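Spelled out from the first residue to the last, the chains are:
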Amino acid sequence: AEVRGGEDEDGAFAPGRGRRLVDDDEGPPSPSARVEAPVVAPAVAAPAPHAELPPEPPTNQKEGVVAIQVRGDGKAGQRRFLLGSEMVNLFDFASRTCGLGFGTFRLATRFPRRTYEYAEWGGKSLEEAGLKEGREMFMVERV
């Protein structure tokens, strides 16, 4: 291979002109010869971000309710959910609270440490994800 380009008529380097390696028997690459990376679809399609969340249960309702606190990127929010609510609502709430794009984070509890990613848990209920009545705190971790 030889170096072509980047020099002026006298053979001196010309500022602003790049150099490229090409084989002797090949000409310069065609501008239309691009290699496109394949587009990979997520395993589970994410919902439209910030769809309307279901209403919070009444404050006097304790049965079948979990109060969830979300923290991440210096922000925090708290909201009550029915245990029958889908995890997608929790992911959407975390996205709104922390200002992160949907699908760019996972949710994690500390003790015991459990992690939840949308692709695996988005379509399950909070109860199916192992949440119980009472309180739960989730940290938002960027992925």
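Residues numbered from 1 in each chain as written. Predicted model: local features only at pLDDT ≥ 70, side-chain atom pairs only at ≥ 80, totals over all residues. Heavy atoms only, no water.

This paragraph deals with the confidence of the model for the protein chain. In this model, the protein chain carries a mean pLDDT of 80, and residues with pLDDT of at least 70 account for 64%. Put simply, strand E1 (residues 2-4) is where the protein chain has its lowest mean pLDDT, 50, and strand E4 (residues 75-82) is where it has its highest, 98. Within the model, pLDDT remains below 50 along residues 37-44, and this stretch shows two contacts once partners closer than five positions in the same chain are excluded. (pLDDT = per-residue confidence, 0-100. Helix = DSSP H or I, 4+ residues; strand = E, 2+ residues; numbered from the N terminus. Contact = heavy atoms within 4.5 Å.)

Read across the sheet, five strands follow the order E4-E3-E7-E5-E6 without closing on themselves; strand pairing throughout is mixed. Taken across any chain shown, the strands that pair with only one partner, and hence form the sheet edges, are E4 and strand E6 (114-116). Here the strands of the sheet are splayed against their neighbours by 30° on average, with no regard to which way each runs. Here strand E5 (residues 105-109) runs beside strand E7 (residues 134-142); their pairing, made up of four bridges, is antiparallel. Within E7, the residue paired with Ala108 across the bridge is Met139. In this fold helix H1 (residues 87-98) packs onto strand E3 (65-72), E4, E5, E6 and E7, with an angle of close to 155° to the strand it touches most, E4. (Pairing = 2+ DSSP bridges. Axes fitted to C-alpha atoms, helices over the stretch in contact; angles between N-to-C directions.)

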